[in-house]
Amino acid sequence: MRVLGIESSCDETGIALYDTEQGLLAHALYSQIELHAQYGGVVPELASRDHIRKTLPLIEQVLAEAQLRRCDIDAIAYTAGPGLVGALLVGAAIGRSLAWALNIPALAVNHMEGHLLSPLMEEKPPLFPFVSLLVSGGHTLLVDVQGVGQYRLLGESLDDAVGEAFDKTAKMLGLPYPGGPVLAALAEHGTHGKYEFPRPMTNRPGLDFSFSGLKTFSMNTWLNSKKTDQDRADIALAFQNAAVETLAIKCKRAMKQTGYSTLVIAGGVSANKALRVSLNDIKEIQTYYPRQEFCSDNGAMIAFTGAMRQRSMIKTSTAPSFSVRPRWPLEELTPPSPV
Ligand code: KG4
Ligand code: ZN
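Quick caveat, the model's predicted, so the values are computed rather than measured.

Go over the overall build of the chain, please, and point to the residues and values.
Looking only at helices and strands, one finds 10 helices and 11 strands in the chain. In terms of overall size, the chain behaves like a compact globule, its C-alpha atoms giving a radius of gyration of 20 Å where 339 residues would be expected to give roughly 20 Å. In terms of overall dimensions, the chain has a C-alpha envelope of 60 × 45 × 30 Å along the principal axes. Residues counted as buried form 54% of the 339 residues belonging to the chain. A total of about 15,000 Å² of accessible surface is found on the chain, and carbon and sulfur atoms cover 52% of it. For the chain, the distance from the average position of its 31 positive side-chain charges to the average position of its 34 negative side-chain charges is 3 Å.

Take a look at the structure:
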């Protein structure tokens, strides 16, 4: 079965074709970074309009790359949430219309499930059960994963997501959007031990996170510094160290609590090198990541999730109406329907 995946939940248009027999056939990504950079963050209306411009040409591009025609697509998976409502509606409307026109099934995919399952596309995939650390711009989640659609939330951020804290701290330091990767690059020039930031919520039990205080701590440190380039790099390093160690402490705790030996990390922040080094260091634990290009939003993870859930797909000809879910908790998901 060949599944076309459409991702349009935020500022990236991602399209991919996944074959349940042959694996990933082709994928393409268009990032709107340049469009939003001048505003210092994502402008939802501009994001929606750009998804409208890019989705169909990217679908044609991916089909050409895979040397296939539209009639060779067997099903369409599109991101239906969580995300920006207008952006989601573009992918959903195009995905559902195309499925209706081609008389093939369509599936509304949860974006966070896409991230969660993305490491399973790799050559050596992790085996269930495992703990998943999902770290993106909108979410910081620790999940007990028993199988596809069998998710139990172990912990989450009570305020800012870790990616959001990276982005806000970067913005406050005067770094360009999107801040996370820029801050991480700058941290490489920081002086070790210059500043020591707190590790929020690590000295009390539980697996929840809080990152907004760390962002404020960074801001106060910056305002009280001489604001030199070196100060900027030192604060970037101290912030990154604190965020990474906080995540690592909670991961260790989650592994102990579940008794599992497999830890899977996904989402935009899973591209962070310091985080990978720190989590790889956890003893007697095997860690798995998506390849670098699939850490951030992409169409491949949506096509793949669709393929994993193919039994739940519905023929759109019998259900022409659709909706999207800007908020859609992972825990509401259920395993693929029985045949
Ligand atoms: O998963 P993603 O592409 O989109 C969402 O679903 O939110 O994650 C984007 C987030 C942004 O906050 C971005 O700054 C962060 O991931 N990010 C990073 C790195 N690369 C991306 N944060 C820290 N270090 C990185 N190398
Ligand atoms: Zn994402």
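Which residues make up the pairing of strand β7 (residues 140-147), and what values do they have?
The buried fraction of β7 amounts to 7 of the 8 residues, a majority that puts the element mostly inside the structure. Of the strand pairs in this sheet, strand β6 (residues 130-135) and β7 are connected by 6 bridges, and their pairing is antiparallel. Each bridged residue has a counterpart across the sheet, and for L133 the counterpart in β7 is L142. Between β6 and the antiparallel strand that follows it, β7, lie 4 residues. Across 6 bridges, the pairing between β7 and strand β8 (residues 150-156) is antiparallel. The partner of V143 across the bridge, within β8, is L153. Where β7 folds back on β8, the antiparallel hairpin that results is connected by 2 residues, among which G149 adopts a positive phi of roughly 80 degrees.

Let's hear about the site of ligand 1: which residues, and what values?
Residues in close proximity to ligand 1 total 18 residues, the closest being H115, G137, D167, G268 and N272. At a separation of 3.1 Å, an oxygen atom of ligand 1 approaches a polar side-chain atom of H111. Within the side chain of N272, a nitrogen or oxygen atom sits 2.9 Å from a nitrogen atom of ligand 1. Here ligand 1 has 560 Å² of accessible area as a free molecule, and 86% of this is covered by the chains. Of all the elements in the fold, those that place two or more residues in the shell around ligand 1 are α4 (111-117), α5 (162-172) and α6 (179-187). Residue-level mapping places the shell around ligand 1 at the junction of two domains, with at least three residues from each of domain 1 (2-116 + 295-332) and domain 2 (128-289).

I'd like to hear about a nonpolar patch on the surface, residue by residue, with values.
A surface patch of nonpolar side chains, amounting to about 230 Å² of accessible area, comprises V85, L89 and F322. Of note, F322 is situated in the segment after β11 (314-315).

Break down the sheet that holds β7 for me, with residues and values.
Reading across the sheet, the 5 strands line up as β8-β7-β6-β9-β10 and stay open at both edges, with mixed pairing between neighbours. Pairing within the sheet leaves two strands with one partner each, and these edge strands are β8 and β10 (286-288). Averaged over all adjacent pairs, the angle separating strand axes in this sheet is 25 degrees, with direction ignored. Here 3 bridges tie strand β9 (residues 262-266) to β10, and the two strands are oriented parallel to one another. Its bridge partner being in β10, V264 is matched across the sheet by Y288. Relative to the sheet, helix α8 (residues 229-258) contacts β6, β7, β8 and β9, its axis offset from that of β6 by approximately 155 degrees.

Account for the side chain of E113, naming residues and giving values.
By the element assignment, E113 lies in helix α4. When near neighbours in sequence (up to four residues on either side) are disregarded, E113 contacts V148, G149, Y151, T305, R309, L330 and L333.

Break down the packing of aromatic side chains for me, citing the residues and quoting the values.
Following the criterion strictly, the structure yields 6 aromatic pairs and no others. Ring centres of F128 and F130 lie 5.3 Å apart, and the angle between their planes is 15 degrees; this geometry places the pair in the stacked category. For F128, a relative accessible area of 32% puts it in the partly exposed group. For F130, a relative accessible area of 0% corresponds to the buried category. When the centroid spacing of 5.0 Å and the interplanar angle of 90 degrees are considered together, the rings of F166 and F239 count as edge-to-face. Here the residue F166 occupies a position in helix α5, and F239 occupies one in helix α8, the gap between them amounting to 73 residues.

What counts and what doesn't
- Residues numbered from 1 in each chain as written.
- Chains lettered and ligands numbered in written order.
- Predicted model: local features only at pLDDT ≥ 70, side-chain atom pairs only at ≥ 80, totals over all residues.
- Heavy atoms only, no water.
- Helix = DSSP H or I, 4+ residues; strand = E, 2+ residues; numbered from the N terminus.
- Rg over C-alpha atoms; globule rule 2.2 N^0.38 Å.
- Buried < 20%, exposed > 50% of the residue type's maximum accessible area, 1.4 Å probe, protein only.
- Areas by Shrake-Rupley, 256 points an atom, 1.4 Å probe, with all protein chains shown as cover.
- Lys, Arg positive; Asp, Glu negative; His and termini not counted.
- Charge placed at Lys NZ, Arg CZ, Asp CG, Glu CD.
- Pairing = 2+ DSSP bridges.
- Near = heavy atom within 4 Å.
- Polar contact = N/O pair within 3.5 Å; in protein donor to acceptor, adjacent residues only side chain to side chain.
- Domains from an automatic or database assignment.
- Patch = residues over 30% accessible without salt bridge, like charges linked within 9 Å, V, L, I, M, F, W, Y side chains within 5 Å.
- Salt bridge = Lys/Arg side-chain N within 4 Å of Asp/Glu carboxyl O.
- Axes fitted to C-alpha atoms, helices over the stretch in contact; angles between N-to-C directions.
- Contact = heavy atoms within 4.5 Å.
- Phe/Tyr/Trp six-rings, centres within 6.5 Å; stacked < 30°, edge-to-face > 60°.

Everything listed is a geometric property; what it means functionally is a separate question.
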